[in-house]
Amino acid sequence: MRRPSVRNHFPRILCSLLLIGASAWASAPSAAPAARSTPADASATVLARVVPAPASVQAGGASYVIGSGTRIHVPGNSNEVRKIGDYLAAVLRPSTGYPVPVVADGGDRDGIVLKLGAAVSGAGSRTAAGAPGAGGGQVPRDTAVALGAEGYRLIVSGQSVTLGAEQAAGLFHGVQTLRQLLPAAVEKHSVQSGPWTVPGGTITDVPRYAYRGGMLDVSRHFFSVAQVERYIDQLALYKINQLHLHLSDDQGWRIAVDSWPRLAAYGGSTQVGGGPGGSYSKADYREIVRYAAGRYLTVVPEIDMPGHTNAALASYAELNCSGTAPPLYTGTQVGFSSLCVSKDVTYRFADEVLGELAALTPGPYLHIGGDEAHSTGHADYVTFMDKVQPIVTKYGKTVLAWHQLAGAHPVAGAVAQYWGTDGSEKEVADAAKAGLRLVLSPANRAYLDMKYTASTPLGLDWAGLVEVKDSYNWDPATFVKGAPASAVLGVEAPLWTETIVTSANIDYMAFPRLPGIAEIGWSPAATHQWDAYKVRLAAQGPRWTALGIGYYRSPQVPWPSD
Ligand code: ACM
């Protein structure tokens, strides 16, 4: 099913897979008799609640209880690791009321130890599983696993929580897991009563896919830097590592471009419904990039072309084949605008815009859109993509585009973002066989702007109603029929904002579906099971409440009372 050219619902509603021990979610034999011990099955319950499901969990052994003397140790005092320690301390201090100092002294001391380096191993550490009487003396089966760019190992014993990773991103992801092992009240901003028990055991975790994205459409409605940063914090909770910003569309141009200043000044001056819109200065954009990087997310900027360009066409008459600028647009139709493919100025425009954006963007991708170019003839579409992709590569970036790129000539190394609904597009499978890589965002699964049910007050329904189970029950490796699983780089959950105006609206549509897409991107396929997932997901509800995230209480999920 394809998106209709009129989104006419608005007025009505306003690695390989590294399965280390996913089958070994076994509770360990009886717990150690230490005062801080937790019954092994209780540990197993808490450790098994994490979203995304870790690759390997071995529960058991003494728990660690965060107390007034708990310190976060940053051996070697690397600046980057210290920042992660500060981030963790900022989570723990308000709710526990403890000072939780971050200290440079290292070693396996009492407290929480953040260890960076290749020599991260469960063997030899005070692992719960290795401790006498805890875990039956087993040595974790995963001690030799390479943790890679984003993996981590978390070892909880009575004396310490040791979080190790080869790279800092892994430590950051491990901190997100540690948060989920603590009671939900840890997320509150005022002092709560503990105890702050981290159940004993070892988690070893690596992602299934390298690309795990969330997209925010800041064009249909503009969102401030603070609102984007709030969403970044939410994405980071679930180990998402790419923030795709849809920076331009018919309704608004949202990024300052020095060589084409009217794009932001005029093209950004409104939004759906006729509100004031807005745009990011270059300093704003750098701030978003900086904030995202601090949460191990890479910003993927999108300039959608050759369609979805009314804001640009309204700003500069010369970009139109007619030479006449259309008015600004505040409705929700799609497919009516096109850059003028036959004019040289179009490619100067693309070059200067993408050049400035590339200079602002440390990440590898520039997304050039390419979807719903219904007002661009096919030959013109191919011509346009043939001319614009080399501009992206000239600036040292990788081409990312919606999957219609497959119908043109994707350049070597390009990535296509699949947003169809049934995986039947043969040209996508053929291009993937020829080397095109894919990010999967099937609209009837991963689009966070689809209504959950017919009575959902926000969102659209052109791709169907997408309840939490629908959103979770699919596999990126097989969704596009005939595409090799090895072509799949990852997944992304887009949030289009025709009907989304506030951060509360974002929260309601993203939660609880966003964590499911994050799990599909992170967790081993063998952990994928709705009946187990819905129980783990339910345990997230009180965390969202503690964080001030208002979510859709799907009847499919057995939410506890907060
Ligand atoms: C899209 O939803 N037009 C990518």
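What counts, and at which threshold
Residues numbered from 1 in each chain as written. Predicted model: local features only at pLDDT ≥ 70, side-chain atom pairs only at ≥ 80, totals over all residues. Heavy atoms only, no water. Helix = DSSP H or I, 4+ residues; strand = E, 2+ residues; numbered from the N terminus. Buried < 20%, exposed > 50% of the residue type's maximum accessible area, 1.4 Å probe, protein only. Areas by Shrake-Rupley, 256 points an atom, 1.4 Å probe, with all protein chains shown as cover. Disulfide = S-S within 2.5 Å. Salt bridge = Lys/Arg side-chain N within 4 Å of Asp/Glu carboxyl O. 1 Å grid on protein atoms, 1.4 Å probe; cavity = no way out; pocket = protein on both sides within 12 Å on 5 of 7 lines; lining within 4 Å. Points joined across faces, edges and corners; volume = space filled by probe spheres on them. Nonpolar A, V, L, I, M, F, W, Y, C, P; charged D, E, K, R; others polar. Pairing = 2+ DSSP bridges. Axes fitted to C-alpha atoms, helices over the stretch in contact; angles between N-to-C directions. Parallel < 35°, antiparallel > 145°, perpendicular 65-115°, else oblique. Left-handed = near helix turned anticlockwise from the far one by under 90°. Contact = heavy atoms within 4.5 Å.

Caption draft 1: Geometry of the overall build of the chain. A tally of helices and strands in the chain yields 17 helices and 19 strands. The buried share of the chain, reckoned over its 562 residues, is 62%. Put simply, the chain shows about 18500 Å² of open surface, and 56% of that area lies on carbon and sulfur atoms.

Caption draft 2: Summary view of the state of the cysteines. Enumeration according to the criterion identifies one disulfide in this entry. Disulfide pairing is shown between Cys321 and Cys340; the S-S distance is 2.0 Å. Looking along the S-S bond of the Cys321-Cys340 disulfide, the torsion reads about 95 degrees, which is the right-handed sense. Taken as a pair, Cys321 in the loop between helix H8 (310–315) and helix H9 (344–360) and Cys340 in the loop between H8 and H9 lie far apart in primary sequence, 19 residues in all. Using a relative accessible area of 56% as the deciding quantity, one classes Cys321 as exposed. Residue Cys340 is classed as buried on the basis of its relative accessible area of 1%.

Caption draft 3: Here's a closer look at the pattern of salt bridges. Taken as a whole, this structure holds 18 salt bridges when the rule is applied. Across the salt bridge formed by Arg220 and Asp249, the nearest N and O atoms sit 3.3 Å from each other. Linking Arg220 in the loop between strand S10 (211–217) and helix H5 (225–237) with Asp249 in strand S12 (residues 248–249), this pair joins segments that are 29 residues apart in sequence. Across the pair, Asp249 and Arg220 agree in class, each one buried.

Caption draft 4: Focus on the layout of surface pockets. Considered as a void within the structure, the largest pocket measures approximately 390 Å³ in volume. Lining the largest pocket are 17 residues, and of these Arg179, Glu187, His189, Asp233 and Leu547 lie nearest its centre. Those elements that place two or more of their residues in the lining of the largest pocket are helix H3 (79–96) and H5. Across the lining of the largest pocket, the residue classes tally to nine nonpolar, two polar and six charged.

Caption draft 5: Focus on unusual backbone geometry. Geometrically, the link from Gly194 to Pro195 is a cis peptide bond, its omega value of 0 degrees lying close to zero. Relative to the helices and strands, Pro195 resides in the loop between helix H4 (168–181) and strand S8 (196–198). Looking along the chain, the bond that leaves Phe511 and enters Pro512 is cis, with omega of 20 degrees. In this structure, Pro512 sits in the loop between helix H14 (503–510) and helix H15 (513–522). One non-glycine residue, Lys239, adopts positive backbone phi at about 70 degrees.

Caption draft 6: Structural context of empty space enclosed by the protein. Approximately 70 Å³ is the volume attributed to the largest cavity. Lining the largest cavity, in full, are Gln176, Arg179, Gln180, Glu187, Leu237, Tyr238, Gln540, Arg543, Trp544 and Leu547. Elements represented by at least two residues in the lining of the largest cavity include exactly H4 and helix H17 (541–547). Each residue belonging to the lining of the largest cavity can be placed in one class, and the counts come to four nonpolar, three polar and three charged.

Caption draft 7: Local environment of the sheet that holds strand S3 (residues 72–73). In spatial order, the strands read S1-S9-S6-S7-S5-S3-S4; together these seven strands make up an open sheet with mixed pairing. With one partner strand each, in any of the chains shown, strand S1 (56–59) and strand S4 (102–103) form the two edges of the open sheet. Where strand S6 (residues 152–156) lies against strand S9 (residues 201–205), five bridges are found, and the strand directions are antiparallel. Considered in S9, the bridge of Arg153 is made with Thr204.

Caption draft 8: Just the packing of H5 against H14, in detail. Where H5 contacts H14, the two axes come as close as 10 Å, and the packing angle between them is 25 degrees. In terms of orientation, H5 and H14 fall into the roughly parallel class. For the element pair H5 and H14, the recorded crossing hand is right-handed. Where H5 approaches H14, its residues Gln227, Arg230, Tyr231 and Gln234 are matched on the opposing element by Ser503, Ile506, Asp507 and Ala510.

Worth remembering: the numbers are spatial, not functional.
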